[in-house]
Amino acid sequence: MVEGSVVPFTDVLIPVRFFGFDSAMYLVSAIIGFLVSFYAFRLFELTDKKFHFYLYLSFTILSMGLLTIAITSGYVYLNFFRTGQYIGNDPYSSVDDFGYWIYYITSLIGYALLSMIYLPEKSKFLPLLLPVWSHAFPYFQIAAFFLLSYVTFRSAVNFVSKKNLNTFLVFGAFGAMSLYHLLLFFTFFGKIIYVAAHFSLLA
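Residues numbered from 1 in each chain as written. Predicted model: local features only at pLDDT ≥ 70, side-chain atom pairs only at ≥ 80, totals over all residues. Heavy atoms only, no water.

Report on the confidence of the model for the protein chain, specifying residues and quantitative values.
Averaged over all residues, the pLDDT of the protein chain is 78; the fraction at 70 or higher stands at 76%. Put simply, strand E1 (residues 5-7) is where the protein chain has its lowest mean pLDDT, 43, and helix H1 (residues 21-47) is where it has its highest, 90. Between residues 89-93, whose pLDDT stays under 50, and residues either more than four places distant or in other chains, the model counts eleven contacts. Predicted confidence is poor over residues 128-134, with pLDDT under 50, and the contacts of this stretch with residues over four places away or in other chains come to 14 contacts. (pLDDT = per-residue confidence, 0-100. Helix = DSSP H or I, 4+ residues; strand = E, 2+ residues; numbered from the N terminus. Contact = heavy atoms within 4.5 Å.)

Which residues make up helix H4 (residues 137-162), and what values go with them?
The end-to-end C-alpha separation of H4 is 37 Å, in line with the 38 Å expected for 26 residues at 1.5 Å each. Those residues of H4 that sit buried are Phe 137, Phe 140, Gln 141, Ala 143, Ala 144, Leu 147, Leu 148, Val 151, Thr 152, Ser 155 and Ala 156. Positive phi shows up at Lys 163, right after H4, with a value of about 50°. (Expected span 1.5 Å × (residues − 1). Buried < 20%, exposed > 50% of the residue type's maximum accessible area, 1.4 Å probe, protein only.)

Run through helix H5 (residues 165-185), naming residues and quoting values.
For H5, which comprises 21 residues, the first-to-last C-alpha distance of 30 Å matches the rise-based estimate of 30 Å (1.5 Å per residue) to within 8%. Of the residues making up H5, those classed as buried are Thr 167, Phe 174, Ala 176, Met 177, Ser 178, Tyr 180, His 181 and Leu 184. Measuring from the side-chain oxygen of the N-cap residue of H5 to the backbone nitrogen of Asn 166 gives 3.2 Å; that N-cap residue is Asn 164. (Polar contact = N/O pair within 3.5 Å; in protein donor to acceptor, adjacent residues only side chain to side chain.)

Describe the packing of aromatic side chains, with residues and values.
Tallying each qualifying case throughout the model produces 16 aromatic pairs. Note on Phe 38 and Tyr 39: the rings are 5.2 Å apart at their centroids and 75° apart in plane angle, and the pair reads as edge-to-face. For Phe 38, a relative accessible area of 41% puts it in the partly exposed group. With a centroid separation of 6.2 Å and 55° between ring planes, the pair formed by Phe 53 and Tyr 56 is classed as tilted. Highlighted residues: Phe 53 and Tyr 56, both in helix H2 (residues 50-83), separated by three residues, approximately one helical turn. Take Phe 53: its relative accessible area is 31%, and that puts it in the partly exposed class. With a relative accessible area of 24%, Tyr 56 lands in the partly exposed category. Here a set of aromatic residues connected by ring pairs shows up, and it is made of Tyr 26, Tyr 100, Tyr 103, Tyr 104 and Phe 140. (Phe/Tyr/Trp six-rings, centres within 6.5 Å; stacked < 30°, edge-to-face > 60°.)

What follows is the structure in structure tokens.
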């Protein structure tokens, strides 16, 4: 994309009626994530277990990324409503692109930390974070889904073994987060998939 270029509206992936609404979803998701982080930290103070520390740290980092993308996306959408055009800048310096850089990196770190929750207490694990570059949207979705698939699988095993509401809700939450990234990977096949993905994230 050339600096200062105007992207035709028909080429914008996000449905018009959804402009700004996904930013609100990111904001709500960030608030929920910070609440999870807060209670996980309270649990860590009581139990001093690595499980609760990783949960606290992962959701703090994830929520910071979601808050950043909510603000930067909102900035771009406000510009759209003001000018009627989707303005594109140099992909390495634009506000929106920089916000996605932060979101990609924090999400991969957060998901790697979540996967550490289900590792044995004494195991050593160094998260492998894939490099993120501009226009890496589909690659990021696959990497995020890969990390979350392990977390979802382990939470599913935990639910099957314990069969209670709490373990079901944990499994459902991680399953919905995995579905969010999987749907975003297929977004290029239809705008409705983009909308469904964000409802999955909110769920």
